[in-house]
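# Coordinate inspection notes
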Amino acid sequence: MAKNKADLLQGTLDMLILKALSLGPLHGYGIIQRIGQMSGEMLTVEQGSLYPALYRIEQKGWVSSKWDVHDTGRRAKFYALTRIGRRQLEAEEASWDRLVLAVTKMRQAT
Amino acid sequence: MSRFNILFARLNALVGRESVIHDIDEEFRVHVEMETAANLERGMSPTEARQTALRSFGNLGSVRDAAYEVRGGGMMETFLQDVRYAARGLVKQKTFTIVAVITLALGIGANTAIFSVVNELLLRPLPYLDAQRLVMLWEVTPEGRHQNTTSRANFRGWREQTTSFESMAAFTDQRLNLTGAGEAEEISVQFGTPSLFHVLGVQPILGRDMREVDGAKDAPPIAILSNSFWQRRFGGDPQIVGKPILLNGVPFTVVGVMPAGFQWHIKQRSGTGRPAEIWSALDIPTEEGPGSRGRFLSVVARLKPGLSVQQAQADMNTTMARLEQDAPRFNKGYVTEIIPLRDQFVGNVRLALWIILGAVGFVLLIACANVANLMLSRAAAREKEIAVRTALGAGRLRIVRQLLTESFLLATIGGLLGLAIAAWGIQALVAISPRDLVNLQRVGLNLTVLGWTMGISFITAVIFGLAPALEATRLNLTGALKEGKGAEGQSPRSGRLRSGLVIIEVALALVLLASAGLLLKSFSQLQKINSGFNPDNILTMVVRVPDAKYKEDRQFVSFFRQASELIRTLPGVTSVGMINYLPLYGGLGSGTGFTVEGRPEPAPGTEPSTNVRVSDAGYFTAMQIPLLRGRNFTDQEMNEVKSVIIINDAMARKHFAGEDPIGKRITVEMSDKPVPTEIIGIVGDVRYDSLVDPPEPTVYFPQPDLTYAFMTFVIRTTGDPLEIVPAVRREVRALDPEQPLSDVRSMNEVMADTVARARFNTLLLALFAGLATLLSAVGIFGVMNYSLALRSREIGLRMALGAQNRQVMAMMLKQGLLLTVIGTAIGIAGALALTRLLSTLLFGVSAADPTIFVGIVLLLMVVSLIACYLPARRATRIDPMIALRSE
């Protein structure tokens with residue numbers, strides 16, 4: 001059961017991470033911040049979910065990572081969208097929209 | 001791309017596990033620092049800020065593990081863990097591991113060795129261009145003699161009138177004496193039509209190929225050298241082309257050298273019985289002339305692309321029918337046959353090889369059954385461990401995977417060791433293989449063979465690993481944990497599985513034993529065949545005189561006689577004789593038609609024919625061939641032409657039934673002007689062509705009547721015939737220092753060569769059958785021993801209740817023997833079905849020979865009785881008190 005739920009979240013989480021990175025490269029902490037900002041603080045992502053998801057999509061080739069110096073002068077690992085990642089984001093957004101549309105229609109059909 | 005990434009990440013994680021973990025830790029640390037800094041900004045105290053940041057990460061350790069798993073640690077890590085675990089387990093159980101590895105190594109090693117031979121002889125392409133289109137063209141004589149040579153006239157007919165072949169070449173082997181620089185030696189020379197190498201698709205590496213003009217009548221003789229001969233005799237001299245060499249005193253100009261490894265030797269009907277070292281051009285006269293009808297040519301042809309052998313055969317049939325009409329006197333009743341080159345080379349070895357490969361396959365199966373049994377015992381012993389792991393949440397798949405890892409590890413070690421055994425085994429195989437088995441020298445461990453070894457290792461791992469693994473994990477959890485002694489919780493299914501394995505082993509062993517037994521009996525029958533002479537203490541050697549040196553026949557006749565006289569005086573020599581073609585020497589003899597004086601001329605195609613040999617009087621004495629009637633040649637008949645002849649018993653019975661042949665006159669068509677000869681004696685039959693074929697009618701000419709430039713000496717000695725070789729050499733050298741001797745062998749060696757193939761097959765099958773029996777005995781012993789361990793309490797109880805030793809023993813033996821009996825019954829059925837495949841390899845014994853079968857069954861019974869007896873005896877020594885208390 002718990003696993004199913006995680007899988008469901010995971011798919012959404014991938015899209016959120018990709019979306020957050022669509023505006024520019026970020027480190028892990030930055031991604032959590034950006035998702036918070038972009039969702040008007042309605043979505044919070046836990047570190048425990050973020051990093052496994054991040055590594056997974058990195059292996060899929062959707063994002064690339066490198067260690068770089070942060071504007072505060074500290075070193076951090078930055079993630080950036082790859083071309084495949086950008087296409088994946090578009091695809092996931094489109095399918096998300098279809099899902100929303102479908103669910104909306106269902107709800108209006110009462 | 002992404003797949004590659006994952007793979008790379010996994011490999012990276014595997015190799016650089018530390019660095020991946022470090023990377024993750026570093027990233028997390030930075031994250032916590034950033035969050036702490038943010039918390040500070042929100043006005044928290046430093047301690048509070050850091051703790052909140054850490055808390056938000058949740059359980060850092062498990063997050064890290066999850067992250068690590070994603071980054072590729074997972075699969076490889078588990079796999080390595082399994083391997084490490086398996087290795088630890090194998091090291092802990094040394095006896096089990098050693099027995100299992102050796103069993104597997106023997107099975108895999110034997111398989112690899114035999115497969116390498118099969119691969120070389122049956123699977124690998126022959127070393128000629130497009131070799132699957134190459135075929136041999138032969139004649140079948142009216143008497144039904146297969147793969148017979150053809151005449152130059154017929155070859156010309158085939159070449160001109162058939163349409164199925166792209167090209168065609170004829171060739172014949174001859175022995176010639178090489179003289180000049182270096183020691184004189186006898187060389188096998190192949191005379192081929194100039195198209196020979198073109199048909200085979202091979203070109204000389206040095207110089208040029210034969211040309212049509214080289215094959216013209218009276219063209220200057222040329223020579224193309226084999227690479228090994230060129231290296232051996234001329235040290236690989238790059239300037240050899242254009243130089244002359246002396247063959248039988250005639251200069252041949254060297255025009256080319258063939259590539260290393262090139263060999264073209266068709267044993268069937270070869271005039272020399274050994275591969276050629278020099279090739280020269282053969283002329284095919286365009287008109288009828290003397291000798292154009294003599295049958296001595298072998299023919300190789302290249303089929304047109306896409307044409308089947310059947311289509312070509314139809315073409316050959318029409319052509320031969322036409323040639324028969326054109327020349328009924330020569331071709332009446334002759335038909336043709338086409339043999340694909342591979343079949344020609346491998347012939348009846350093919351079946352034997354597949355059978356032997358099947359036999360080692362059986363051995364491997366038995367090995368698998370044994371190891372599976374061992375694994376089962378081990379799994380039973382580990383039942384509690386497995387139950388605990390299952391209870392702690394390990395999935396069945398996980399445990400099966402782990403047990404299978406163990407099997408694969410075993411198989412891998414067994415495979416590697418097997419490879420070593422195979423490398424050694426191949427050498428042994430080559431060493432004991434019959435000399436005439438094609439190109440066995442090329443057999444070795446190549447990529448195909450390595451692939452095969454890997455393949456069978458993995459298949460064996462699955463075969464012997466899967467059943468026990470599934471069986472082990474099928475157990476009843478609570479039962480296994482509750483049972484004090486684990487082993488007694490064994491399911492009956494597991495017991496049945498082990499019994500089944502033993503039954504299979506016994507059945508397989510029986511099939512192998514029966515096959516080996518049949519071959520052994522057949523081989524001993526072969527040894528018992530009366531060859532017609534006494535081969536013990538006879539030295540044989542070929543002496544060939546150069547034509548150029550002895551211009552007249554009389555000269556070499558007297559040379560042979562002088563040599564014979566000199567050898568006769570040597571100490572230890574009791575008698576000396578000579579014959580042109582030694583019995584069973586492995587090559588062609590001569591034969592022809594004959595007419596009997598006073599009988600009407602027979603219709604074409606029905607002329608009687610006979611083998612023809614040339615000998616001296618001493619031959620019959622030295623070989624101890626009995627004189628049945630009449631008399632031997634006299635001294636006078638050995639010195640001048642007296643037109644007398646000796647015939648063998650088969651000739652007398654077949655062509656002179658009911659009459660006395662002595663004094664009859666026959667004309668044997670051996671020369672251009674055959675003359676009638678008088679039969680003076682009848683000698684016993686000798687098997688010339690092969691041991692198994694019945695003796696054919698044969699006539700013996702005295703040497704002056706039909707001269708040959710070579711003779712095979714047979715020297716009967718009082719001791720080891722090979723000991724007098726130096727003395728014989730000395731005597732011949734004294735007579736002519738340039739005279740080479742060749743094929744110096746004892747007659748027993750010659751005989752051994754003729755049965756070499758049978759001996760090879762028999763030896764291998766006997767070896768594997770022995771191995772199979774041994775492994776089965778180990779299997780029975782293992783099961784009985786294990787069963788004893790399971791039943792020790794029961795036996796103790798029985799004994800406490802008054803059972804006698806005898807009864808306990810009987811109970812144990814009954815259990816073991818029952819398995820053997822069932823296995824034997826299945827094995828007999830299998831053997832009866834399978835040994836029929838052997839029947840063409842058998843001589844003088846039926847494939848269902850009852851004595852062999854009864855013997856084998858008894859043998860297996862005795863072996864299994866011994867294997868059962870040892871554990872059974874231990875059962876009787878069980879102390880009831882200890883057995884009962886042990887719980």
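When helices and strands are counted, chain A shows 4 helices and 3 strands. Secondary structure of chain A in N-to-C order comes out as α-β-α-α-β-β-α. Residue burial in chain A is summarised as follows: out of 110 residues, 30% are buried. Partitioning the contacts of chain A with sequence separation of at least 6, the portion at a separation of at least 24 is 49%.

As a further point, take the overall build of chain B. Scanning chain B for helices and strands turns up 27 helices and 22 strands. When the 887 residues of chain B are sorted by exposure, 42% land in the buried category. Counting contacts in chain B only where the partners sit at least 6 residues apart, residues at least 24 apart contribute 83% of the total.

Residue and element names in this part refer to chain A. Strand order in the open sheet formed by 3 strands is β1-β3-β2, and the pairing between neighbours is antiparallel. At either end of the open sheet lies a strand with only one pairing partner, and these are β1 (26–27) and β2 (63–69). Taken together, the 7 bridges between β2 and strand β3 (residues 75–81) define a ladder with antiparallel strand orientation. What sits directly across from Ser 65, in β3, is Tyr 79.

Across the boundary between the two partners, chain B contributes 18 residues, which contact 15 residues of chain A. Elements represented by at least two residues in the side of chain B that touches chain A include exactly α1 (2–15), α2 (17–41) and α4 (60–92) of chain B.

With that out of the way, let us pick up the nonpolar core. All names here are of chain B. In this structure, Val 363, Leu 510, Leu 512, Phe 768 and Ala 772 are the most contacted members of the largest nonpolar core, which totals 103 residues. Setting aside its immediate chain neighbours within four residues, Ala 772 contacts Phe 362, Val 363, Ile 366, Leu 508, Ala 509 and Leu 512. By size, the runner-up hydrophobic cluster in this structure holds 61 residues, among which are Ala 617, Tyr 619, Met 623 and Val 728.

Residues and elements named next belong to chain B. Of the residues in chain B, 92% have a pLDDT of 70 or more, and the chain-wide mean is 85. When the elements of chain B are averaged for pLDDT, helix α16 (residues 477–482) gives the smallest value, 53, and helix α7 (residues 196–200) the largest, 96. Counting interchain partners and residues more than four positions distant, the pLDDT-below-50 stretch residues 483–489 has 15 contacts. Two summary scores accompany this predicted model of the complex, namely pTM at 0.68 and ipTM at 0.85.

Residue and element names in this part refer to chain B. One can describe the packing of helix α14 (residues 396–432) onto helix α15 (residues 447–473) by two numbers: an axis separation of 8 Å at closest approach and a directional angle of 145°. Here the hand of the crossing between α14 and α15 comes out right-handed. Class assignment for the residues of the contact of α14 with α15 results in 15 nonpolar, 10 polar and 1 charged.

Time to look at the confidence of the model for chain A. Per-residue confidence for chain A gives a mean pLDDT of 82, with 89% of residues at or over 70. Segment residues 1–9 of chain A: pLDDT under 50, and 0 contacts once partners within four positions in sequence are set aside and those in other chains are kept.

If you check the backbone angles, Glu 41 of chain A has positive phi at about 60° while not being a glycine. Mapped onto the fold, Glu 41 of chain A is located in the loop between α2 (28–38) and α3 (47–59). We note that Ser 643 of chain B has phi near 55°; this positive angle belongs to a residue other than glycine.

Criteria and thresholds
- Residues numbered from 1 in each chain as written.
- Chains lettered and ligands numbered in written order.
- Predicted model: local features only at pLDDT ≥ 70, side-chain atom pairs only at ≥ 80, totals over all residues.
- Helix = DSSP H or I, 4+ residues; strand = E, 2+ residues; numbered from the N terminus.
- Buried ≥ 20, exposed ≤ 12 C-beta atoms within 10 Å, placed from the backbone.
- Contact = placed C-beta atoms within 7 Å.
- Pairing = 2+ DSSP bridges.
- Core = buried A, V, L, I, M, F, W, Y, C linked by C-beta atoms within 7 Å.
- pLDDT = per-residue confidence, 0-100.
- Axes fitted to C-alpha atoms, helices over the stretch in contact; angles between N-to-C directions.
- Left-handed = near helix turned anticlockwise from the far one by under 90°.
- Nonpolar A, V, L, I, M, F, W, Y, C, P; charged D, E, K, R; others polar.

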